[in-house]
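Each chain, written out:
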Amino acid sequence: GMDADEELPYYQIADAKKLSNTLTKKLEEYNESNARMDLVLFDQAMEHICRISRIIDTPRGNALLVGVGGSGKQSLTRLAAFISSMSVFQLKLTASYGMGDFKTDMIGLYQGSGVKGQQIVFLFTDQQIVNEHMLVYFNDLLSSGYIPDLYNADDKDNIINAIRPEVKAAGLMDSRDNCWNFFIERVRKNLHVVMCMSPVGNAFRTRCRKFPALTSCSAIDWFHAWPKEALISVAQ
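What counts, and at which threshold
Residues numbered from 1 in each chain as written. Predicted model: local features only at pLDDT ≥ 70, side-chain atom pairs only at ≥ 80, totals over all residues. Heavy atoms only, no water. Phe/Tyr/Trp six-rings, centres within 6.5 Å; stacked < 30°, edge-to-face > 60°. Helix = DSSP H or I, 4+ residues; strand = E, 2+ residues; numbered from the N terminus. Buried < 20%, exposed > 50% of the residue type's maximum accessible area, 1.4 Å probe, protein only. Lys NZ or Arg CZ within 6 Å of the ring centre and 35° of its normal. Pairing = 2+ DSSP bridges. Axes fitted to C-alpha atoms, helices over the stretch in contact; angles between N-to-C directions. Contact = heavy atoms within 4.5 Å. Expected span 1.5 Å × (residues − 1).

## Some thoughts on the packing of aromatic side chains
Here comes step 1: Counted under the stated rule, the structure contains 13 aromatic pairs.
Here comes step 2: Here the aromatic rings of tyrosine 30 and phenylalanine 82 are separated by 5.4 Å at their centres, their planes lie at 90°, and the arrangement is edge-to-face. Linking tyrosine 30 in helix α1 (residues 16-33) with phenylalanine 82 in helix α3 (residues 73-83), this pair joins segments that are 52 residues apart in sequence.
Here comes step 3: The partly exposed category is assigned to phenylalanine 82, whose relative accessible area is 24%.
Here comes step 4: Ring geometry for phenylalanine 89 and phenylalanine 122: centres 5.6 Å apart, planes at 65°, overall edge-to-face. Here the residue phenylalanine 89 occupies a position in strand β2 (residues 87-89), and phenylalanine 122 occupies one in strand β3 (residues 120-125), the gap between them amounting to 33 residues.
Here comes step 5: Judged by its relative accessible area of 22%, phenylalanine 89 is partly exposed.
Here comes step 6: Over the aromatic face of tryptophan 180 sits the side chain of lysine 156, whose NZ or CZ is 4.6 Å from the ring centroid.

Spelled out as structure tokens, the structure:
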């Protein structure tokens, strides 16, 4: 769906030509203000954009995109987020990036989505798993929204105090529990995790088994091999 003044940019587009024109226009807009993406919007790519848009436009909507590297998972997510006016967050890995940095990044995402109420897409790939313990965080975030070792008591107090006025404004009793739950609910509603994973090798299978929320609390979109027409259109 497309009109800028609409609250939710979402309605049914019945024919492929119109969808193609709309998405092409959006891609041009994206490229005006961001690092340029040269995407070829063949039919399969457009279907993925529609799927990803549908997932992230849903409260608590999280996606698991499964496909080999280079199949377009990240680029199409960026375009879908742009169409929904959501910001995209990606980890900036350095040689020394570790769990402490990851925790800081997560706290920032919780602050943005929970306290400030921003709609954020957290775009994450299996290439960025520098420590398997990161997946414990994702598992908690996806299943309940609560990550036990993210906040110490002081940080928790700060959040409760920051959100208290809004809890009151919503007509709720501003007890500590209510404030905390209000915050967590808001994170779950506004922070959309899009995980890009490759099915090649054993790692993906093992991770899905160890961290069940990756598959049970997300919508899965499979990026299959490109059809012949796609390969030809990209080559041209």
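## Structural notes on the sheet that holds β2
In a beta sheet, neighbouring strands pair by backbone hydrogen bonds and run either parallel or antiparallel.
Here comes step 1: In spatial order, the strands read β2-β3-β4-β1-β5; together these 5 strands make up an open sheet with parallel pairing. Every other strand in the sheet has two partners, leaving β2 and β5 (219-222) as the edge strands with one partner each. Mean inter-strand twist for the sheet, computed between neighbouring axes without regard to direction, equals 20°.
Here comes step 2: Relative to the sheet, α3 contacts β1 (63-66), β2, β3 and β4 (191-197), its axis offset from that of β3 by approximately 180°.

## Regarding unusual backbone geometry
Here comes step 1: A positive phi angle is found at arginine 60, which is not glycine, with a value near 65°.
Here comes step 2: Tracing the backbone through its elements, the reader meets arginine 60 in the loop between α2 (43-56) and β1.
Here comes step 3: Among the residues examined, arginine 60 registers a relative accessible area of 40% and is labelled partly exposed.
Here comes step 4: Positive phi is not limited to glycine here, since serine 85 has a value of about 55°.
Here comes step 5: Turning to its location among the elements, serine 85 is positioned in the loop between α3 and β2.

## A look at α2
Since the α-helix advances by 3.6 residues per turn, residues separated by three or four positions end up pointing in the same direction.
Here comes step 1: Look at α2: 20 Å from first C-alpha to last across 14 residues, which is about the 20 Å you get at 1.5 Å a residue.
Here comes step 2: Considered for burial, the residues of α2 that qualify are Gln44, Ala45, Met46, His48, Ile49, Ile52, Ser53, Ile55 and Ile56.
Here comes step 3: Against α1, β1, α3, β3, β4 and β5 lie the buried residues of α2.

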